[in-house]
Amino acid sequence: DRDVILNILGILADLFSVGTDRRIHYMISKGGSEALLQALVNAAQTAEPDYSILLPLLRLLAKVGQRDRKFGRRVQMLEAIDVTLSLARKNLGHHLHLIHCLWAMRVYASSVTAGTTLGINGAMELLFKVITPYTKKHTRTVRAAIEALAALLKSKSNSRRVVHRGYLCGLLRLYQDWHQSDVSNSYIHIRRGLLLCLKHITNIRSGRETFRCARGMEILFTTVQDCLASKSLDSIVTTVTQILRKCYPKESLPLATASSSFSFSPPGSISFQSPRSGPEGKFEEDGEEEVEKDFDNDDPESKEEDDDLETDVNILRSRPGLDRPEKELAQYEAMCAELSHDFQVGIHKGDVLRSLPVTCPRVIPSAAFMQQQRGRGKDQNTKGPRPEPAERALKAPLKGPEKDGKCLGAQTTENKTTGDSAQNEDGLGEEKSSARSCGLMLRPLPKEASWDAKTFNAQFVSCCSPSPAGEVGALDVGKGLLERRQGNIPFHSPHLYMAKARSTKSIPDYTFLALSDFWGHEPPSYCQSMLERKYEVQRAKIFDDIRRLIQPGDVIGRVVFDLEDLDTPDCLKFFSKFESGNLRKAIQVYGFEYDLIMNADVNSSQHHQWFYFEVSAMKSAVPYRFNVINCEKVNSQFNYGMQPVMYSVKEALQGKPHWIRVGYDICYYKNHYRWSAAAAGATQRKSYYTLSFSVTFPHKDDVCYLAYHYPYTYSALMAHLDMLAETRNPKKIFYRQQTLCQTLGGNPCPLLTITAMPESKSRNDLEQFRNRPYVVLMARVHPGESNASWVMKGTLEFLISSDPIAELLRKCFIFKIIPMLNPDGVINGNHRCSLSGDDLNRQWLAPSPLLHPTIYHSKGFLYYLRSIDRAPLVFCDYHGHSQKKNVFLYGCSVKETLWQAGCTVDTAVVTEDVGYRTLPKILDKVAAPFIMSSCSFLVEKSRASTARVVVWQEIGVLRSYTMESTYCGCSHGLYKVSTSRERERERGLQIGTRELEEMGAKFCLGLLILQLKSWPCSKKLMAQAAALLDLEEEIRDFQTQRSEDFIPARAVFAFH
């Protein structure tokens, strides 16, 4: 009955015109889609089709089909595709009827199988008849046809059909016609629809090749320039950008090989060979490119993937046995000499360390170190070479921090008796070149009158000479520099730094010191807010990259720096061959724009993120653009307000020796360079990413250093440790520096012991001294995470300070600290790996004593503590996080892991102490950069071999953590407010070295509060704590006290 059908269709249209999609989904669940499709087929197959029924039917189908996931299958089952195509062909001249058919076809094509069937049955030919030739008549029909065509072209077979039949060139011409005629921007939807068609076609390799041959890159690049100024045309600009980036020819980096410029042969292994990059054509893949929803990148702070969680309860609760013979653990006894030291009567507490024999702590050498020692005389192994004249001269009294009026410096560090803290002078240095043996050179400074030519225009080449005159020349230059130095930087001495740097062993055999490291860093008095993110900057830089391809004649393309060839032409000068430096190649693109390529980690062809290099011979007030073109991470905090850091030597000479955040127009995006699957160890090729930023240097002909983050070198650490030893109060602080082992490169890995001296030599006080729980802290297993070293610096300086809280903390714990687990990686400018090419934080399950000595012996030391029932109370590994803000902890929990994975947890079987949450909750209250909501206690399969998980699982440490510190800044709390302006207040502050060091000190405070909250404390200790900390709750539960000398401390403290 025609009237009944019309009434039903009218009622359905009214129902679906208001409300939510819930009504449509209900109709679909009751078979509504099939009923509508069957009605369409029945009405269309009559001799005289009734369009008063067909048109509302087609409108309803277009609406319902968008919500029905199985609509494509139903369309094919009921043969509605042929019916709709037949109606469209009959109504090519009747645009009202035709547009309804086109709406239905667009919905049919949302299913790939239905779209493919439409293509086979001639739908695309029909659509091209509708949209060509260009005309402004019946634009509503043209728009519907273009949208239907775009939906059809999501099918790869349809895209291939379009390419093979030559329709792509017609689409380009049609787009040009619409672009040129649409002066008033009235037909944006039609123009964008045509661009979507091109976007889908270029998802296949033949489509990209045809597009380039038809000069599509030039056409779209030229036409889009007219759209950049209008905000209303953003949708067109975005789609054009996606097409151009996708069709940009893929190529390998302009390097002969992807492997590092530095080579090292680990013991028992063959030389690392990196696969060479293939020709450009091999980078093209016949497959759909990843869909870029937003080329400005999505927010990186995403949740962990649940499928990576470890859900096997047996694995989570297992306690694996030793990974080495038990008898090996005896060698670590010497690293806990405080447990057996008797503090003999008659020896002043301040001289306790001097009473320890120098040979007591054992140095555990690596295999590479042992190989270098074979064949040497016995005297050589027991007695290191005498210091050379230059070294003796450098070890003059220094102007450093003072204690009780006494000047501290390198001279006094020679006499300190902290076990084997002497830096193993019988290392690999004997085989270094003569240039190295006479001492490091400072980098030359520009020749300019204002720099005091007498001081800075010295002949630095003379420093390379092994003659005494050369040594004196180097010292004169250093002395001249220090005469210009204004004020003192706490815990830094240029003399001592140079002395330590001379004994540091590197693969490239560095002969230069970076002036930024020599001079030192002092945090500025001001804070810097996060940079405002500008969406259009990234788009503009992508178009600049495309302009290079379209207009190659404007590109200079000159290599101005290469690690293998240090000669630089007359332009901006680069240099990176110094400790922790990383810049492999610099290419001048335009007059003030440079592409930079970072060096891969030694024995690797990847891990590009860390950079640290010198620039000089610049002009002032001129914006220089730097593009680091071989970054690997998919996203970066550079897209969310982070800036790189810069150190100006001229500013330092003027009394402002600061690393500061610099740069503007900063963005991070995927580029057209690819790295091979063989190099990446993956099944398909991956993209590189570009970090682009601009810098305007404050001075002409300055010497500046640019870095990913605040650098902290191995030599800086060793100098810092010497100064810590001298600034401590030996009457109150038990401080001991030992060598855990030798690294593959022959550098000592320091191990520190810090605690309070016993109150007296009485039996009770000695027992209290020896029974203090252990806390084990480590840092810098990943060399590029220099922020971890700054946090560790704050921890160390707080622990040896005279702060009353630090004194109390030392009485509670014995701290065992390994401040740098990967010295070789730090020295040689690596980002993630050691000299073996391995990520050391993925080797804790089964570390090799040959390839991973620092991890092997760190784990062995922890095994030893467990074997004597002294497993650490807290273990924490300091790291840096490149894609999140703030500071947070990762811990380990069986229950939270199972709950997150959706597993049923039997609480009667799976029991767990929730004490692992106490420390992060404390830090959330006392440390401004810390945020509890970013903490995670999940155990992932991919993290099973990390320090955090292995120490938790094998050593049995409940409070085993990784502390992650941001490279960028803080998005909450105290550091969120930067200035009075509301927009900057919302952005928050970028984190600096002062805030990182403060975090290290606040971590110590958190440990003290953890101790007071969780374990019995003496009345005396409790009284001291109450005097220093503000009690929010009264100490209660006295009835549980074990004796009159001990009470349980269950109070929550807030730091003043």
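Residues numbered from 1 in each chain as written. Predicted model: local features only at pLDDT ≥ 70, side-chain atom pairs only at ≥ 80, totals over all residues. Heavy atoms only, no water.

- The name that an unreviewed UniProt entry assigns to the protein is tubulin-glutamate carboxypeptidase, with the source organism given as Crocodylus porosus.
- The Subcellular location (unreviewed entry) comment attached to the protein in UniProt states, word for word, "Cytoplasm, Cytosol". (UniProt positions renumbered as here; feature names shortened; annotations may be inferred.)

**Comments concerning the nonpolar core**
Right, so step 1: Formed by 140 residues in total, the largest nonpolar core has its most connected members in Phe574, Phe626, Tyr705, Phe815 and Tyr878.
Right, so step 2: With 11 residues, helix H41 (residues 993–1014) is the largest single contributor of residues to this core.
Right, so step 3: Of the domains in this structure, domain 2 (535–707) and domain 3 (720–977 + 985–1041) are the two that each give at least three residues to this core.
Right, so step 4: Formed by 95 residues, the second largest nonpolar core is a distinct cluster that contains Leu37, Leu57, Val75 and Cys247. (Core = buried A, V, L, I, M, F, W, Y, C linked by side-chain atoms within 4.5 Å. Buried < 20%, exposed > 50% of the residue type's maximum accessible area, 1.4 Å probe, protein only. Helix = DSSP H or I, 4+ residues; strand = E, 2+ residues; numbered from the N terminus. Domains from an automatic or database assignment.)

**Quick look at the UniProt feature "active site" (unreviewed entry) in the protein**
Right, so step 1: In the numbering used here, UniProt assigns the feature "active site" (unreviewed entry) to Glu964.
Right, so step 2: In this structure, glutamate 964 sits in strand S22 (residues 959–966).
Right, so step 3: Judged by relative accessible area, which is 9%, glutamate 964 ranks as buried.
Right, so step 4: Excluding anything up to four places from it in sequence, glutamate 964 contacts His879, Gly880, His881, Asn886, Val887, Phe888 and Tyr890. (Contact = heavy atoms within 4.5 Å.)

**Side note on the pairing of strand S19 (residues 814–818)**
Right, so step 1: Of all 5 residues in S19, 5 are buried; the element is thus mostly enclosed.
Right, so step 2: Taking every second residue as pointing to the same face, both faces of S19 are buried, with Ile814, Lys816 and Ile818 on one and Phe815 and Ile817 on the other.
Right, so step 3: Across 3 bridges, strand S17 (residues 748–756) lies against S19 in antiparallel orientation. Residue pairing for S19: leucine 752 is matched across the bridge by isoleucine 817. (Pairing = 2+ DSSP bridges.)

**Observations regarding the sheet that holds strand S8 (residues 593–597)**
Right, so step 1: Strand order across the open sheet formed by 6 strands is S5-S7-S8-S10-S14-S13, with mixed pairing between neighbours. The sheet is open, and its two borders are formed by strand S5 (558–562) and strand S13 (664–675), each paired with just one other strand. Strand-to-strand, the axes of this sheet are offset by a mean angle of 25°, without reference to chain direction.
Right, so step 2: One ladder, built from 7 bridges, connects S13 with strand S14 (residues 686–696); its direction is antiparallel. Residue pairing in the sheet places tryptophan 675 in a bridge with lysine 686 of S14.
Right, so step 3: Contacts from helix H28 (residues 535–550) reach strand S7 (585–590), S8, strand S10 (623–631), S13 and S14 within the one sheet, and its direction differs from that of S13 by about 45°. (Axes fitted to C-alpha atoms, helices over the stretch in contact; angles between N-to-C directions.)

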